[in-house]
Structures are given as C-alpha cells and as structure tokens.
There are 2 protein chains.
Amino acid sequence: MTERLVVIGGDAAGMSAASQARKRRGPEDLEIVAFERGNFTSYSACGIPYYLGDVVEDFDDLIVRSPEKFRDKQQIDARVRHEVVAIDLDARSVTVRNLASKSESIEGFDHLVVATGGKPVRPPLDGVEARGIFGVQTLDDAVAIEKFLQNEKPKHAVVIGGGYIGLEMAEAFQLRGLDVALVERSPQPMVTLDPDIGELVAEAMRGLGVHLYSSEPVTGFEAKDGRVAGVVTDARTLHADIVVLGLSTRPNVELARTAGIPIGESGGVKVDQRLQTEIEGVWSAGDCAEKINRVSGKPVAIALGTHANKEGRIAGINIGGGYATFPGVLGTATSKVCGYEVARTGLNSEEARDAGFEFTTATSESTTRAGYFPGTSPITTKLVVEQRSGRLLGAQIFGKEGAAKRIDGLAMALWNEMTVDAIVNVDLSYAPPFAPVWDPVLIAARKAWDKVQLELADLR
Amino acid sequence: MTERLVVIGGDAAGMSAASQARKRRGPEDLEIVAFERGNFTSYSACGIPYYLGDVVEDFDDLIVRSPEKFRDKQQIDARVRHEVVAIDLDARSVTVRNLASKSESIEGFDHLVVATGGKPVRPPLDGVEARGIFGVQTLDDAVAIEKFLQNEKPKHAVVIGGGYIGLEMAEAFQLRGLDVALVERSPQPMVTLDPDIGELVAEAMRGLGVHLYSSEPVTGFEAKDGRVAGVVTDARTLHADIVVLGLSTRPNVELARTAGIPIGESGGVKVDQRLQTEIEGVWSAGDCAEKINRVSGKPVAIALGTHANKEGRIAGINIGGGYATFPGVLGTATSKVCGYEVARTGLNSEEARDAGFEFTTATSESTTRAGYFPGTSPITTKLVVEQRSGRLLGAQIFGKEGAAKRIDGLAMALWNEMTVDAIVNVDLSYAPPFAPVWDPVLIAARKAWDKVQLELADLR
C-alpha cells in the first residue's frame with residue numbers, strides 16, 4: 001500500500017528530506033507532498049543580500065529547484081502558496097489553506113516532516129508595520145525589497161541588527177548607492193563573536209562608510225503617510241526611507257506546539273537522534289528543530305542553512321527506510337563583509353562561561369599567504385581553549401581573502417575534541433601562495449598551548 | 001656547566017631546533033652553534049620558483065632569518081659556508097670545514113642535531129655536469145639560476161621531473177618568457193596524485209603552452225663547449241639552453257651513516273617519538289629524518305618544509321628540557337600551477353594498495369563558491385576510502401582559486417581517522433562567497449559513502 005509523506009515547509013530542510021525519502025522509495029511506495037506558504041521552493045536565502053546588492057544579477061540563480069522540477073524529476077508534489085494551518089496528530093492529517101483560492105483542505109499523512117523554519121523576531125514597537133520596513137528571511141522578502149528599491153528609490157537605509165544578515169544587507173545597500181546606518185543594541189555587531197573580534201568587524205563597517213550606532217536599542221519608528229520615515233533609538237532619530245530588520249529568528253513552532261508536538265527548552269521542536277519528534281512518524285528538521293551543541297552539550301536553536309540541509313537529509317534517509325543519526329552542531333558560520341572575511345565555530349567566550357568551562361583565550365596574528373607572497377594579508381585568529389586540558393572549545397577568524405575558510409580545519413579539530421597541543425602537529429598544507437609554512441591555524445594553536453601551559457604553571 | 005648544542009644544517013629543521021632550545025635554555029646554560037655549508041640560513045626553498053618567475057621580486061624576502069639575526073636576537077652562532085664532514089660519536093665532536101678558508105676544525109658537542117636535509121637525485125647520465133644544468137633545492141641554486149638567466153639569456157628551458165618543484169619551475173620559466181618543455185618519465189606529472197588527477201594537471205600545463213613529454217625517461221644530455229644544448233629522451237632530443245632537474249630528493253644521510261647513526265628502512269635517519277636517534281643526545285629532524293606515515297603506519301622519507309619545521313620544533317623542545325613527541329605525517333602537500341590549485345593528503349590509490357588496504361575511490365565535482373556567485377569555479381575532489389569501514393585514507397583536490405586549502409579540513413579528518421559517513425555531518429562553514437551550502441568536502445564524503453555502501457551490498 002502506498003504511504004504518504006507530508007512535508008511542511010518547502011525550503012532546505014523540508015525539500016532535502018523529501019528528496020532523500022524519494023531516493024530510497026519510489027512513487028508507487030511513497031507519495032510525497034510538500035506545502036510551502038511562500039512562492040518559492042528550495043532557495044538560497046543566504047544569497048539574498050548578494051542579489052539585492054547586484055553582486056548576483058539573476059534572481060532565478062537563487063532558486064535551487066522549482067516546484068516544476070520537483071514534480072518532473074522526482075515525482076514530489078511541491079505546492080507553493082499553500083499554508084498548513086493545523087496538524088491533527090490523532091487523525092494523522094493536516095489542514096492546508098490555499099492562499100490563492102482561500103480554500104482549505106484536509107490532507108492525510110503517514111509520515112510528517114515539520115520544517116517550518118524560523119520566525120523573525122519583530123520588535124513590538126510603534127510603527128513597525130509601516131510600509132518600507134522589511135524582514136529578510138525569504139525570497140518573497142527579497143522580491144518585496146527589490147520592488148521597493150526600484151519603485152520608491154529610497155536614499156537612506158537603516159538596518160537594525162548587526163548579525164550576519166544585517167551586515168550583509170548594510171553592504172548591499174551601500175553597493176546600491178544608498179546612505180546606510182546600522183543600529184545594534186549590543187556594544188558591537190556580531191554578538192556571536194567575542195567583543196574584540198566584533199570590534200574588528202565594526203571598524204571594517206565604518207571603513208566602508210556605514211554609520212554604525214552600537215549600544216542603541218531601537219525604541220520605535222516614525223512614519224509619514226503610512227511609509228517609514230525614521231528609526232528612533234534611545235539616543236537619536238535616524239532618517240530612513242527603507243528599513244531592514246536584520247534581527248535574529250526564533251524557531252517557528254506555533255503549529256507544532258498547538259498540535260501537541262513537544263517543544264524543547266531551546267524553543268525548537270524536540271527530536272531524537274534520528275530527528276523523529278516524540279510522536280511516531282513525525283519528524284522535524286531545520287531552523288524549527290532543536291539541535292545539540294556538541295561542545296556545550298546544550299540544546300540550542302540556531303538558524304543556519306548548513307544545518308537545515310544536513311538535518312533534512314538525515315530525516316529523509318530515515319523516512320526512506322535507511323538509518324542515519326544527526327550528531328549535533330558546532331555553530332560554524334562565516335560571512336564576507338566590506339571586503340573582510342569573518343568566521344566562527346564552537347563556543348565564544350560568553351558561551352564557554354555559560355557552559356561552565358574554565359577557559360583561556362589566545363589571539364594570534366599571521367598572514368593568509370607566505371609573508372613575502374603578493375596578495376598576502378593579515379589574519380587574526382582567536383581560540384577559546386579549556387584550561388588544564390588545552391581542549392579547543394571555539395575559534396574566531398577575521399581577515400581578508402583566504403581567511404574565512406580556515407575555520408573548517410578548526411571545526412574538524414573541534415568536532416574531534418582535539419587539544420591545541422595536538423593541533424600544532426597536524427599535517428596541514430603549505431605552499432607560498434596559500435599559507436606561511438606554519439599555517440595561521442597552527443600558529444594560533446601554538447600560541448594557545450603556550451598560554452595554557454603558562455597558566456597551568458600558575459595554577460599549580 | 002655550560003653545555004653545547006651543535007646543529008648540522010642551517011635551514012628549517014636545524015634552526016627551528018636551535019630556536020626552540022634557546023627559548024628554554026639561556027646562553028649561559030647552552031651554547032648553540034649551527035653549521036651550514038651554503039650561504040644562507042632559514043630560507044623558503046618553496047619560494048624559489050616564485051622568485052625566479054618574478055612573482056616575488058625581492059630575493060631577501062626568501063630569507064626568514066639571517067646569521068646576524070640569529071646571533072643578535074638569539075645568541076645562536078650560525079656559521080654559513082661551514083660544512084660538517086665527519087661526526088665522531090665516541091669523542092662527541094664533529095669535523096667542520098670552513099669552505100672559504102679551506103681550514104678544518106674539531107667542534108665538540110653535548111647535543112647534536114642532524115638536519116642535513118635532502119639530496120637531489122641526479123641521474124647518472126652523460127653530460128649531467130654540463131653548464132646550464134641546475135638543481136633547485138637551495139637558495140644557492142636560486143642565485144645560480146638567476147645569474148644564468150640574466151647573463152646567458154637562455155631561450156629554451158627543459159624541466160626534468162613533473163613533481164611540485166618541476167611544475168612550479170616550468171611555470172616560472174614561462175613567466176620569464178622562455179619556451180618550456182617538461183619531461184616526465186611517468187605517464188603523467190605529479191606521481192603523488194592518482195593518474196586521473198595528474199592528468200588534470202597535465203592538461204593545465206598544456207593549456208599554459210608548456211610542451212609536456214610524459215612516459216619519456218631522459219637518457220642523456222648534449223653539450224656544446226661545456227654548456228648544455230639538448231636533453232635526450234628515449235623518443236627525441238629537445239633543444240635546451242637551460243635545464244632544471246626538478247627531481248625528487250633522498251634523505252642526505254651519508255654523514256650520519258658513516259658515523260654509525262642508524263638509518264631506517266625508508267633511507268632516513270631513524271628517530272624515536274621525541275626525534276632522538278638511537279644515540280643518546282643525537283637528534284634528527286627534517287628531510288634527512290625518517291617519519292611515520294600515520295595512515296599506512298610505514299616509515300617514510302618525505303621532503304616537506306612543514307614537516308621540517310614541526311620536527312625541528314619538537315627536537316628543540318626536548319633538547320631544551322621540555323617534552324614533546326612527533327606524531328607522524330600525512331604527506332599533505334599543495335601547489336599552484338598554471339592558475340590551478342592542486343592538493344593532496346594521506347594515501348593515493350597506489351599507496352593504499354601498497355599498504356594492504358582494500359579501498360574504493362570516489363571523485364566528485366562541485367564549485368568553490370555558491371554556483372551562482374561571481375568567481376565560482378569547478379573543483380574536483382577524489383577520496384580514497386577503506387572498504388566496509390568507510391574510513392578516509394587519502395584525498396586529492398584539483399581546481400581554481402579557493403580549492404587547495406580545502407585539503408586542510410580533510411587532513412584534520414584523516415588525522416582523526418574519521419569515516420566519510422561521519423565527515424558528511426561535520427559542521428563546516430558556508431556563505432555564498434566561500435562555498436555551496438554543501439561544501440565540496442562534504443559532497444565528496446557523501447559520494448564516497450554512497451559508494452562504500454553500494455559496494456558493501458555487493459560484498460555481502
């Protein structure tokens with residue numbers, strides 16, 4: 001008898017799950033239907049700032065796979081503009097609203113994947129619903145912003161929130177010739193970095209001409225004829241023709257919670273090793289699903305496309321009759337801002353403290369290529385390292401071309417719970433166009449190990 | 001009482017050992033003398049092709065630290081143009097020849113570091129001593145080649161041997177406007193790579209206009225008035241005004257062997273975990289010292305600056321009264337040739353076979369950035385993977401900008417004996433300017449794991 005898989009959410013996690021399930025089970029064995037309330041399936045949300053900044057010219061490039069392709073190539077019925085509004089676990093069905101026709105239907109399932117993604121944190125402030133204030137989570141947001149830029153020709157942009165997406169949007173607006181202000185309530189942008197590394201990012205932003213207002217919580221918005229005119233902080237009012245909320249997201253779990261699917265302490269849907277929820281045959285993956293941080297051991301909610309793709313794949317393998325488990329995350333992330341590259345993995349100092357670690361940090365300076373090689377540039381590497389053991393807990397990198405991807409070697413080391421002492425001897429690659437003979441990663445580990453040993457002597 | 005450390009060889013391994021020993025023991029406790037038969041200490045031999053190709057303009061940039069600096073900053077007495085011609089283990093002394101004055105002296109030691117480096121394999125062919133035929137191992141070689149290029153204005157260059165240094169020298173000559181032929185006796189250049197990946201390198205060379213003659217052993221040289229005029233292979237005679245022997249090196253161990261210091265089966269000086277030879281107080285590091293390949297478990301002789309620096313550091317820590325062990329190598333190496341990047345780590349197919357592994361290989365294609373991002377380019381990744389277990393045994397990468405350094409993540413995985421199944425889930429970094437959402441490393445691991453599983457099904 002043919003079973004039926006229903007997927008809620010048509011982006012990375014949901015469609016990866018659908019694809020993997022299809023790979024293992026044919027259409028006669030498993031019918032697959034995916035509901036997406038937006039207009040697009042499987043797209044690169046991370047590409048949006050580059051599209052809006054005219055770095056990537058073709059909008060269609062951001063779409064990895066269209067509903068037509070899912071249907072034709074994989075016999076997956078992906079329905080856009082269809083919103084799932086309720087899950088009935090007893091009846092094993094979902095209620096789906098067709099956003100075009102406004103009609104509703106009941107759709108049964110044998111397997112269900114909850115991939116409802118993240119929900120942007122919209123501050124409950126006066127005027128936040130004014131025209132010209134945008135989130136930037138979905139391709140539909142990108143379409144709306146592009147339309148506004150073309151039709152309304154805004155001159156002054158204010159980006160609220162100095163996370164990856166906020167910084168990337170600030171740069172995109174700069175590239176489009178707007179005057180850009182970035183408002184961040186923390187003392188520096190990029191709160192996933194330590195303050196000293198975040199300050200390097202702040203300097204880079206200022207260097208590009210972005211007006212940076214840190215330690216300034218937004219208190220409200222000014223509007224004129226229903227269109228945004230200003231952003232009010234606790235220190236000033238910034239003129240604004242367009243505002244982007246580059247704020248963090250929370251797991252979008254209302255649907256799951258209402259249905260009775262257990263939610264974890266991180267706020268994400270609780271899942272087991274195979275990414276099944278506590279309800280048999282109901283799975284969850286992506287930004288809405290809880291993950292374990294491998295370093296802290298804590299359940300966390302992190303919204304990253306890399307995790308969503310991996311989790312979707314794991315859920316899909318299991319639904320398809322295979323066996324796979326998801327081993328957790330490090331929170332590795334990277335971004336290119338204002339000609340600089342920034343990357344992080346594992347725990348920053350605050351996170352290490354919260355997790356109960358005793359730790360030390362070591363910041364080292366090196367170069368991306370041999371010091372004498374054309375195009376070489378400075379790279380700053382900060383390691384967070386457990387005291388006594390010297391175990392790596394986290395890493396942050398700031399530099400220019402060739403800097404960011406070095407975080408991957410450190411992520412691999414972190415994944416394997418290596419000590420910095422052990423990392424020093426790892427046989428990493430070297431040639432003058434790519435690295436000094438001691439790669440910056442090894443130099444960072446050497447410096448951190450020296451520091452651990454010194455402090456160890458003090459502790460005795 | 002002041003002890004005395006004598007170092008034989010003033011490049012990476014020897015001077016790293018000297019520096020680390022000095023860091024731990026002051027001049028009143030340990031006198032340090034280093035003898036180098038060439039004219040330079042601590043230099044970047046890997047930078048030579050870039051200097052000769054006019055990519056790096058200033059010769060002095062290749063010198064990391066001069067004898068004057070060693071003396072002034074570290075109280076290390078580094079004597080260039082001093083060749084150690086004998087070691088007397090009973091008397092704990094070395095015989096040193098001053099190459100300028102031709103005088104000899106006897107120098108006692110308490111600790112001795114044998115860092116005599118590699119010895120270029122010079123084919124025993126007619127005419128190999130003709131003027132215009134150069135090795136390219138030391139800075140003195142670089143000086144000689146540059147002088148010849150400037151004074152004799154050669155037009156036709158022949159490079160013999162298609163290893164890293166051979167390919168880099170071929171490119172350097174191209175950049176200097178010479179007509180370049182590369183002769184390699186194997187079917188393709190880069191024998192440390194599998195033939196199919198080596199062929200990609202061969203195509204890149206041809207694309208640059210290098211005349212590539214593979215499967216052609218050199219049988220002799222033609223000379224005119226004592227100056228090289230041609231390279232004779234078993235198929236043709238190539239016109240040559242300058243010839244570079246980009247051939248492999250062997251550990252330079254005659255001095256140690258003659259003295260009675262045991263040599264290992266790889267041909268390198270035998271050392272223990274702390275890099276001490278079988279003689280108390282006599283240490284060895286760098287190209288002349290035997291290493292253990294962590295994947296095959298075999299003793300090997302590999303000449304790489306990264307190893308030399310690491311081993312020198314380990315020996316120096318131990319001589320300095322600290323404790324450190326050298327955990328072996330993977331043979332990670334990389335090169336930039338003709339606008340392409342190539343890298344490898346661990347075992348290639350032939351090495352895996354020799355080590356007794358049952359294995360499979362998987363080659364995957366991806367891109368260095370998100371597929372839609374400007375500047376993205378193809379990257380080919382080949383993994384060598386143990387059958388059944390799926391354990392990674394080796395990796396090879398070929399691509400353009402951003403390709404090579406990805407070998408480091410794989411080297412870290414290999415170091416930790418990860419399976420490709422485990423690698424797939426590692427939290428590597430992603431942003432459109434740096435990678436597709438599934439990094440090429442993860443895509444390679446996915447493909448390899450699929451293949452292992454398929455073959456596993458066949459094996460059952």
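Relevant structure appears above.
It should be emphasised that the depicted structure is a prediction, and the values quoted were computed from it without experimental measurement.

Colleague: Explain the overall build of chain A to me, please; I cannot follow it from the model alone.
Modeller: A count of helices and strands for chain A gives twelve helices and 25 strands. Rg of the C-alpha trace for chain A: 23 Å, near the compact-globule value of 23 Å for 460 residues, within the 12% margin. Structurally, chain A occupies a C-alpha span of about 65 × 55 × 40 Å along its principal axes. For chain A, the residues scored as buried account for 58% of the 460 residues in total. The contacts in chain A between residues at least 6 apart in sequence include a share of 63% that link residues at least 24 apart. Of the roughly 17600 Å² of accessible surface on chain A, 48% is carried by carbon and sulfur atoms. Computed over 50 positive and 63 negative side-chain charges, the separation of the two mean positions in chain A equals 2 Å.

Colleague: Looking at this structure, I do not really get the packing of helix α1 (residues 12-24) of chain A against helix α8 (residues 305-319) of chain A. What am I missing?
Modeller: Packed helix pairs are characterised by how far apart their axes lie and by the angle those axes make with each other. Residues and elements named next belong to chain A. Here α1 crosses α8 at 30 degrees, and the two axes come no closer than 7 Å. The crossing of α1 and α8 is right-handed. Between α1 and α8, the residues in contact are Ala-12, Ala-13, Ser-16, Ala-17, Gln-20, Ala-21 and Arg-24 and Ala-308, Asn-309, Gly-312, Arg-313, Ala-315, Gly-316, Ile-317 and Ile-319, respectively. Per-class residue counts for the contact of α1 with α8 are eight nonpolar, five polar and two charged.

Colleague: What is the right way to look at helix α3 (residues 67-74) of chain A in this model?
Modeller: Because each turn of an α-helix spans 3.6 residues, side chains separated by three or four positions in sequence point in the same direction. Residues and elements named next belong to chain A. Listing the buried residues of α3 in full gives Pro-67, Phe-70 and Gln-74. Taken end-on, α3 shows its buried residues confined to a sector of 85 degrees, consistent with a single buried face. When the buried face of α3 is taken as reference, the exposed residues oriented beyond 90 degrees from it are Asp-72 and Lys-73. In the stretch just after α3, Gln-75 is the one whose phi turns positive, near 50 degrees.

Colleague: Any chance you could explain the relation of the copies chain B and chain A here in plain terms?
Modeller: For the pair of chain copies, the relating transformation is a rotation about an axis with a translation along it. Overlaying chain B with chain A gives an RMSD of 0.0 Å, the required rotation being 180 degrees about an axis along which the chain moves by 0.0 Å. Expressed as an axis order, the relation between the two copies is that of a two-fold axis. Judged by C-alpha distance, B:Gly409 is the residue of chain B that lies nearest the rotation axis, at 2.2 Å. Of all interface residues in chain B, 100% are interface residues in chain A too; the two copies therefore contact each other through one and the same surface.

Colleague: What exactly am I supposed to notice about the nonpolar core here?
Modeller: Nonpolar side chains in soluble globular proteins generally cluster together in the buried interior. Judged by nonpolar contacts, the single largest core of 82 residues is most densely connected at A:Ile423 and B:Ile423. When near neighbours in sequence (up to four residues on either side) are disregarded, A:Ile423 contacts A:Leu392, A:Ala413, A:Met418, A:Val441, A:Leu442, A:Ala445 and B:Met412. Residues B:Ile145, B:Met190, B:Val210 and B:Val342 belong to the second largest nonpolar core, which totals 48 residues.

Colleague: Before we go on, may I ask you to explain the side chain of B:Ser42 in this structure?
Modeller: When you line up the elements, B:Ser42 lands in the loop between β2 (30-36) and α2 (48-52). Apart from the residues lying within four places of it in its own chain, the contact partners of B:Ser42 are B:Gly10, B:Asp11, B:Met15, B:Leu62, B:Ile63, B:Val64, B:Arg65 and B:Phe70.

Colleague: Help me out: how do you make sense of the packing of aromatic side chains in this one?
Modeller: Here a ring pair, both rings aromatic, is described through the centre-centre distance and the interplanar angle of the planes. Under the defined criterion, the tally for this structure stands at ten aromatic pairs over all chains. Consider the rings of A:Phe40 and A:Phe59, whose centres lie 5.5 Å apart with planes at 65 degrees: the pair is edge-to-face. Note that A:Phe40 is positioned in the loop between β2 (30-36) and α2 (48-52) and A:Phe59 in the loop between α2 and α3, a separation of 19 residues in sequence. For A:Phe59, a relative accessible area of 16% gives the class buried. Ring centres 5.2 Å apart and planes at 65 degrees place the aromatic pair B:Tyr51 and B:Phe59 in the edge-to-face group. The pair formed by B:Tyr51 and B:Phe59 is uniform in burial state, with each residue classed as buried. The rings of A:Phe40, A:Tyr51 and A:Phe59 are connected pair by pair, giving a single aromatic cluster. Its end group placed over the ring of B:Trp415, B:Arg294 keeps NZ or CZ at 3.8 Å from the ring centre.

Colleague: I tried to follow the sheet that holds strand β13 (residues 218-224) of chain A on my own but got confused; where do I start?
Modeller: Think of a sheet as strands paired side by side through backbone hydrogen bonds, with each pair either parallel or antiparallel. All names here are of chain A. The strand order across the open sheet built from three strands is β13-β14-β15, with neighbouring strands paired in antiparallel fashion. This sheet does not close on itself; its edge strands, each paired only once, are β13 and β15 (237-239). Taken pair by pair, the neighbouring strands of this sheet meet at an average axis angle of 30 degrees, ignoring direction. Direction of pairing for strand β14 (residues 227-233) relative to β15: antiparallel, over a ladder of three bridges. Each residue of the ladder has a partner; that of Val-232, found in β15, is Thr-237.

Colleague: Got a minute to help me understand unusual backbone geometry in this structure?
Modeller: Note: most residues except glycine have negative phi, and most peptide bonds are trans. Even without being a glycine, A:Glu417 presents a positive backbone phi close to 55 degrees. Overall, A:Glu417 belongs to the partly exposed group, its relative accessible area being 49%. Despite not being glycine, B:Gln75 shows a phi value in the positive range, around 50 degrees. Of note, B:Gln75 is situated in the loop between α3 (67-74) and β3 (76-80). Residue classification places B:Gln75 among the partly exposed residues on the basis of a relative accessible area of 41%.

Colleague: Just to check I follow, could you spell out the interface of chain B and chain A for this structure?
Modeller: How big an interface is tends to be expressed through the accessible area that disappears when the partners come together. In this complex, chain B contributes 64 residues to the contact, which on the side of chain A involves 64 residues. For the pairing of chain B and chain A, the buried interface totals around 5500 Å² over both sides, and the portion due to carbon and sulfur atoms is 63%. Interface area lost by chain B to chain A is led by B:Tyr372, B:Met412 and B:Asp427, which between them contribute 14%. There are four salt bridges connecting chain B and chain A.

Colleague: Sorry, what's going on with the pairing of strand β25 (residues 392-399) of chain B here?
Modeller: For a regular strand, side-chain orientation follows a simple rule: the groups alternate between the two sheet faces. Residues and elements named next belong to chain B. Counting buried residues in β25 gives eight out of eight residues, a clear majority hidden from the surface. Where strand β22 (residues 340-346) meets β25, six bridges bridge the pair, whose relative direction is antiparallel. Along β25, the bridge assignment pairs Thr-345 with Ala-395. Pairing between strand β24 (residues 378-386) and β25: seven bridges, direction antiparallel. Counterpart to Lys-382 in the pairing with β25 is Gln-396.

Colleague: It is not clear to me how the sheet that holds strand β1 (residues 3-8) of chain B should be interpreted in this structure. Could you clarify?
Modeller: All names here are of chain B. The parallel open sheet is built from five strands, whose spatial order is β3-β2-β1-β7-β18. The two strands at the open ends of the sheet, each matched to only one other strand, are β3 and β18 (282-284). This sheet shows a mean twist of 15 degrees between the axes of neighbouring strands, independent of strand direction. Bridge count between β1 and β2: six bridges; the pairing is parallel.

Colleague: Help me out: how do you make sense of a negative patch on the surface in this one?
Modeller: On the surface, A:Glu57, A:Asp58, A:Asp60 and A:Asp61 cluster together into a negatively charged patch. Within the secondary structure, A:Glu57 is located in the loop between α2 and α3.

Colleague: Please explain the environment of B:Ala144 as it appears in this structure.
Modeller: Its location among the elements puts B:Ala144 in helix α4 (residues 139-152). The spatial distance from the C-alpha of B:Ala144 to the C-alpha of B:Gly132 is 9.3 Å, given a sequence separation of twelve residues.

Colleague: How do you make sense of the pattern of salt bridges when you look at a structure like this?
Modeller: Pairing is possible between side chains of opposite charge, provided their charged atoms come close. Residues and elements named next belong to chain A. Tallying each qualifying case throughout the model produces 54 salt bridges over all chains. The residue Glu-216 makes a salt bridge to Arg-236 at a minimum N-O spacing of 2.4 Å. Placement of the pair is Glu-216 in the loop between β12 (211-213) and β13 and Arg-236 in the loop between β14 and β15, with a sequence separation of 20 residues. Owing to a relative accessible area of 6%, Glu-216 belongs among the buried residues under this scheme. When salt bridges with common partners are traced through the structure, they connect Arg-4, Glu-31, Asp-77, Arg-79 and Glu-107 into a single cluster.

Colleague: Teacher, can you tell me more about helix α4 (residues 139-152) of chain A here?
Modeller: Residue and element names in this part refer to chain A. With 14 residues, α4 ought to run about 20 Å at 1.5 Å a step, and its terminal C-alpha atoms sit 20 Å apart, in line with that. Taken residue by residue, α4 has Leu-139, Asp-141, Ala-142, Ile-145, Glu-146, Phe-148 and Leu-149 as its buried positions. Next to the buried residues of α4 lie α2, β9 (133-135), α5 (164-175), β14 and β16 (242-245). Lys-153 occupies a position one or two residues after α4 and carries a positive phi of about 45 degrees.

Colleague: Mind showing me how you'd approach the environment of A:Met412 here?
Modeller: Note on placement: A:Met412 falls in helix α10 (residues 407-415). Judged by its relative accessible area of 0%, A:Met412 falls in the buried class. Distance from A:Met412 to A:Thr345, taken between C-alpha atoms, is 9.9 Å for residues 67 residues apart in sequence. Excluding anything up to four places from it in sequence, A:Met412 contacts B:Gly409, B:Met412, B:Ala413, B:Met418, B:Ile423, B:Val426 and B:Leu428.

The rules we used
- Residues numbered from 1 in each chain as written.
- Chains lettered and ligands numbered in written order.
- Predicted model: local features only at pLDDT ≥ 70, side-chain atom pairs only at ≥ 80, totals over all residues.
- Heavy atoms only, no water.
- Helix = DSSP H or I, 4+ residues; strand = E, 2+ residues; numbered from the N terminus.
- Rg over C-alpha atoms; globule rule 2.2 N^0.38 Å.
- Buried < 20%, exposed > 50% of the residue type's maximum accessible area, 1.4 Å probe, protein only.
- Contact = heavy atoms within 4.5 Å.
- Areas by Shrake-Rupley, 256 points an atom, 1.4 Å probe, with all protein chains shown as cover.
- Lys, Arg positive; Asp, Glu negative; His and termini not counted.
- Charge placed at Lys NZ, Arg CZ, Asp CG, Glu CD.
- Axes fitted to C-alpha atoms, helices over the stretch in contact; angles between N-to-C directions.
- Left-handed = near helix turned anticlockwise from the far one by under 90°.
- Nonpolar A, V, L, I, M, F, W, Y, C, P; charged D, E, K, R; others polar.
- Arc of directions from axis to C-beta.
- Least-squares fit on C-alpha atoms with pLDDT ≥ 70 in both.
- Core = buried A, V, L, I, M, F, W, Y, C linked by side-chain atoms within 4.5 Å.
- Phe/Tyr/Trp six-rings, centres within 6.5 Å; stacked < 30°, edge-to-face > 60°.
- Lys NZ or Arg CZ within 6 Å of the ring centre and 35° of its normal.
- Pairing = 2+ DSSP bridges.
- Buried area = accessible area lost by both parts, 1.4 Å probe.
- Salt bridge = Lys/Arg side-chain N within 4 Å of Asp/Glu carboxyl O.
- Patch = residues over 30% accessible without salt bridge, like charges linked within 9 Å, V, L, I, M, F, W, Y side chains within 5 Å.
- Expected span 1.5 Å × (residues − 1).

Interpretation in functional terms is not warranted from these geometric data alone.
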